[in-house]
Amino acid sequence: MAAAIWASSSSFARALQPLLSRSTSLSPINCTLHQYKSPSWLFFSASSNKPPNFAVYAQARRTLSSKTKGEEMATPADLSVEGPLKIVEYPDPILRAKNKRIGTFDNNLKKLVDGMFDIMYKTDGIGLSAPQVGMNVQLMVFNAAGERGEGEEIVLVNPRVSRYSRRIIPYEEGCLSFPMIYGDVERPDSVKVDAQDINGARFEISLSALPARVFQHEFDHLQGILFFEKMTDEVLDTIREDLVALEKKYEDRTGLPTPESINTRKIKKAAVGFGKS
């Protein structure tokens, strides 16, 4: 996923199988988009060998403030892309840095969004946050279909969560910043979000099942929270050696000591569904 990677472009249905087989019976088909400028129904594309479509609809609601008090705003330089984007891996400190609020909606932002979708598809992701490509701004992209030309590409700028459901669902997650590392994470089944689109228009999204999980994973990245912080101690122990290996890889690549260590850092498990917002 956020690099959310539960669903690859080659087999979305296979990625959903663990989810569908759980006793919680989490449905992957519920996604609602309330968008300000389009009152018509939109649908994710599908074919006979694809899972059911996600329905999307639109409804105006102007409630999102253009600026949150005390937040640092991104400069044009913060949105400028030079060269191809690359995935930032744990434990790079970029993943923990504060992400600035976006206030300028120009060609730099559009170029960044295009680049994020490009690398997301190339790496078989279905979601990606800006800090994962080295850009510390409040921006995420996702497409639950996981393949260019299919599904619906969604861009969320300066997202804020207005509501979480009380129903908590466990599901195995992966992350492009943690290659080949997977573990169960508990998250609310649905979420309501206020955000802006690539042109600055404000809108509200109601997401449930897989799209809700993708959003929450990416939103955590924008808060500097990494998915292993929401795992139980038992699950975390199953990936501890893999995290240590990534820390060693960082040290070998940079010649610097790891900025954080899973074995020395006392982790306070992040509250399920509630990051900083």
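Owing to the predicted nature of the structure, the values given are computational and were not obtained by experimental measurement.

In terms of nonpolar packing, the biggest core is built from 24 residues, with Leu 112, Met 116, Val 137 and Leu 139 touching the most fellow members. Breaking this core down by element, the ones donating at least two residues are helix H3 (107-122), strand E5 (139-142) and strand E6 (154-164). Counting residues per element, this core draws most heavily on H3, which supplies eight residues. When residues no more than four places from it in sequence are discounted, the contact partners of Val 137 are Ala 74, Asp 78, Leu 79, Asn 99, Lys 100, Ile 102, Leu 112, Ala 130, Pro 131 and Leu 222. Counting 19 residues, the second-largest nonpolar core is a separate cluster that includes Ile 126, Phe 142, Val 193 and Phe 219.

What follows covers the pairing of strand E8 (residues 178-188). The side chains of a regular strand alternate, residue by residue, between the two faces of the sheet. With eight bridges connecting them, strand E7 (residues 168-175) and E8 associate as antiparallel partners. Residue Glu 172 lies in a different strand from E8, and its bridge partner there is Asp 184. Between the antiparallel neighbours E7 and E8 lie two residues.

Detailed reading of the predicted coordinates is not advisable wherever pLDDT falls low. The share of residues in the protein chain with pLDDT of 70 or more is 70%, and the mean pLDDT across the chain is 79. For residues 4-66, every residue scores under 50 in pLDDT, and the model assigns this stretch 154 contacts once sequence neighbours within four places are set aside.

This paragraph deals with helix H5 (residues 233-254). With 22 residues, H5 should cover 32 Å at 1.5 Å per step; its first-to-last C-alpha distance of 30 Å lies within 8% of that length. A maximum bend of about 50 degrees is found in H5 at Ile 239. The complete set of buried residues in H5 reads Val 235, Leu 236, Ile 239, Leu 243, Leu 246, Glu 247 and Tyr 250. In the core, the buried residues of H5 are packed alongside E8. With its phi angle positive at about 75 degrees, Gly 255 sits one or two positions after the end of H5.

For the peptide bond that leads from Tyr 90 to Pro 91, omega is 5 degrees, which places it in the cis range. Its location among the elements puts Pro 91 in the loop between helix H2 (76-79) and H3. One non-glycine residue, Met 180, lies in the positive phi region at around 65 degrees. Within the fold, Met 180 resides in strand E8.

Reading the values: rules and limits
Residues numbered from 1 in each chain as written. Predicted model: local features only at pLDDT ≥ 70, side-chain atom pairs only at ≥ 80, totals over all residues. Heavy atoms only, no water. Core = buried A, V, L, I, M, F, W, Y, C linked by side-chain atoms within 4.5 Å. Buried < 20%, exposed > 50% of the residue type's maximum accessible area, 1.4 Å probe, protein only. Helix = DSSP H or I, 4+ residues; strand = E, 2+ residues; numbered from the N terminus. Contact = heavy atoms within 4.5 Å. Pairing = 2+ DSSP bridges. pLDDT = per-residue confidence, 0-100. Expected span 1.5 Å × (residues − 1). Bend = angle between axes of the 7 residues up to and from the residue.

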